[in-house]
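Notes for the structure review
This is what each chain is made of:
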Amino acid sequence: MSDFRRTKAMFHLPEGVIYLDGNSLGPLPKAACDHVSDMMRNQWGEMLIGGWNKAGWMRLSTDIGDRIGRLIGAAKGSVITGDTLSIKVYQALASALELNPKRKVVLSDNGNFPSDLYMAQGLLHSLGSDYELRIVSPDNITENLTNDVAVLMLTEVDYRTGRRHDMKELTAQAHAKNVITIWDLAHSAGAIDVDLTAAKADFAIGCTYKYLNGGPGSPGFIYVAPKHADSLRPALSGWLGHEAPFAFDLEYRPGAGIERMRVGTPPVIALKSLEAALDIWDMVEMRDIRAKSMELCDLFISEVETRCPNLSLASPRDARNRGSQVSFRFREGFAAMQACIARGVIGDFRAPDIMRFGFTPLYIDEGDVITAAGIIEDVITNNLWDRPAYKIKGKIT
Ligand SMILES: *Cc1c(COP(=O)(O)O)cnc(C)c1O
């Protein structure tokens, strides 16, 4: 059984803060500072270039990939970290399209995160004008799985509303139409109990700085189903994905399995910070996280709806159809969120009117939910948001 009181004590949270934004940037695991500093002093500092061999820096990408793999139902050796999620989208899509060469359509939905759609647009433009990105409503995926679709590329949990797709069902429907699937787990990894193996997903991608708490700019990851890993062609054929990088051949030959999804030099300092976060993840089971997260989200919904009747729920009411976040619509949502943040409840705002709150059992408990709901009630019922200072938008919301 996962001990969430113990995990909560392993995070640094500023005094007086209830942090409901771990879905954007997870908080600092206390051990990360010493872990990174130890690597810098004793490995980089003392071993210099010898660290690649002596400290196993090159292996980190796959070792950490396997530890993430346990959280998302991926077999050992099927996940590798590196680059950013946007790059991993490009990489997965380019390889997926080549597995279905006669078809030219990529199907996605308008709940997808813009970067995924932008990366697809960029890639398809390079491939030529016979390729098409078809963006439909999240409710209309099934009828749009037509026989010209090569790849279905979806983000499992909607970043604004928390609406969750049925990965297993949609993957089965896609496969019945010979469509390859790519699942973006940005709001799933560490949030819900993903099982890529059971869902028979072909590709998955994700980031590690949200629910996984790897730190700002910690690398993305990619999963390739073992049945494809040795046959696909990597589009970003960097030297470290080569079968023998240090032979310095002039001709590219892909490395074995998931190794071919490496591109260039791994971000070792960022991987060390992520490693400290994964030490906490190693102490918990995803099914416990999911059960607790559903409880916390349900409690938050009922508390906020009772206290603030003029906020309307933007997330699915049934916890099974939701990720690990709850969103409410409020016309003055931006200013209201600023007022909440000024009072120690940190969530975020997504245009045009969504106040978004992420729940992460690793460091949020029932007491935090009740306290946060009380502060939100104060802000909304007493119009505390109605101040010019709360209406100024920074560059990053
Ligand atoms: C957060 C997020 C991204 C961000 O991509 P980066 O390359 O890491 O900046 C992309 N896609 C989705 C679905 C996200 O939620």
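Quantities reported herein were computed from a predicted structural model and do not represent experimental measurements.

A word on the overall build of the protein
Secondary structure assignment for the protein yields 13 helices and 15 strands. Across its three principal directions, the C-alpha atoms of the protein cover 70 × 60 × 40 Å. Counting all 397 residues of the protein, 54% fall into the buried class. Summarising the internal contacts of the protein: among those between residues at least 6 apart in sequence, 72% fall at separations of at least 24. Total accessible area on the protein is roughly 17,100 Å²; 53% of this is exposed by carbon and sulfur atoms. Taken as two groups, the 44 positive and 49 negative side-chain charges of the protein have centres that lie 1 Å from each other.

A short note on the packing of helix 5 (residues 85–98) against helix 6 (residues 114–127)
Two elements in contact, helix 5 and helix 6, have axes whose closest approach is 9 Å; the angle formed by their N-to-C orientations is 45°. It follows from the interaxial angle that helix 5 and helix 6 lie oblique. As helix 5 packs across helix 6, the resulting crossing turns out to be right-handed. Here Ser86, Ile87, Val89, Tyr90, Leu93, Ala94 and Leu97 of helix 5 come into contact with helix 6, specifically with Ser115, Asp116, Met119, Ala120, Leu123, Leu124 and Leu127. Taken together, the residues of the contact of helix 5 with helix 6 sort by class into 11 nonpolar, 2 polar and 1 charged.

A word on the domain arrangement of the protein
Per the domain assignment, the segments making up the protein are domain 1 (4–29 + 285–391) and domain 2 (56–281). Its C-alpha centre places domain 1 at a distance of 29 Å from the equivalent point of domain 2. Contacts between the two partners involve 33 residues from domain 1, matched on the other side by 25 residues from domain 2. Regarding the contact of domain 1 and domain 2, the summed buried area is about 2,300 Å², with carbon and sulfur atoms giving 62% of it. Counting the contacts that link domain 1 with domain 2 gives 2 salt bridges. Across the pair Asp193 and Arg290 runs a salt bridge whose closest N-O atoms are separated by 3.9 Å. Between the two partners, domain 1 and domain 2, sit 11 residue pairs in polar contact (both at pLDDT 80 or more). Listed by contribution, the elements that provide at least two residues to the side of domain 1 that touches domain 2 are helix 11 (286–307), strand 12 (325–329) and strand 15 (354–358). Tallied by class, residues from the side of domain 1 that touches domain 2 come to 14 nonpolar, 13 polar and 6 charged.

Reading guide: rules and limits
Residues numbered from 1 in each chain as written. Predicted model: local features only at pLDDT ≥ 70, side-chain atom pairs only at ≥ 80, totals over all residues. Heavy atoms only, no water. Helix = DSSP H or I, 4+ residues; strand = E, 2+ residues; numbered from the N terminus. Buried < 20%, exposed > 50% of the residue type's maximum accessible area, 1.4 Å probe, protein only. Contact = heavy atoms within 4.5 Å. Areas by Shrake-Rupley, 256 points an atom, 1.4 Å probe, with all protein chains shown as cover. Lys, Arg positive; Asp, Glu negative; His and termini not counted. Charge placed at Lys NZ, Arg CZ, Asp CG, Glu CD. Axes fitted to C-alpha atoms, helices over the stretch in contact; angles between N-to-C directions. Parallel < 35°, antiparallel > 145°, perpendicular 65-115°, else oblique. Left-handed = near helix turned anticlockwise from the far one by under 90°. Nonpolar A, V, L, I, M, F, W, Y, C, P; charged D, E, K, R; others polar. Domains from an automatic or database assignment. Buried area = accessible area lost by both parts, 1.4 Å probe. Salt bridge = Lys/Arg side-chain N within 4 Å of Asp/Glu carboxyl O. Polar contact = N/O pair within 3.5 Å; in protein donor to acceptor, adjacent residues only side chain to side chain.

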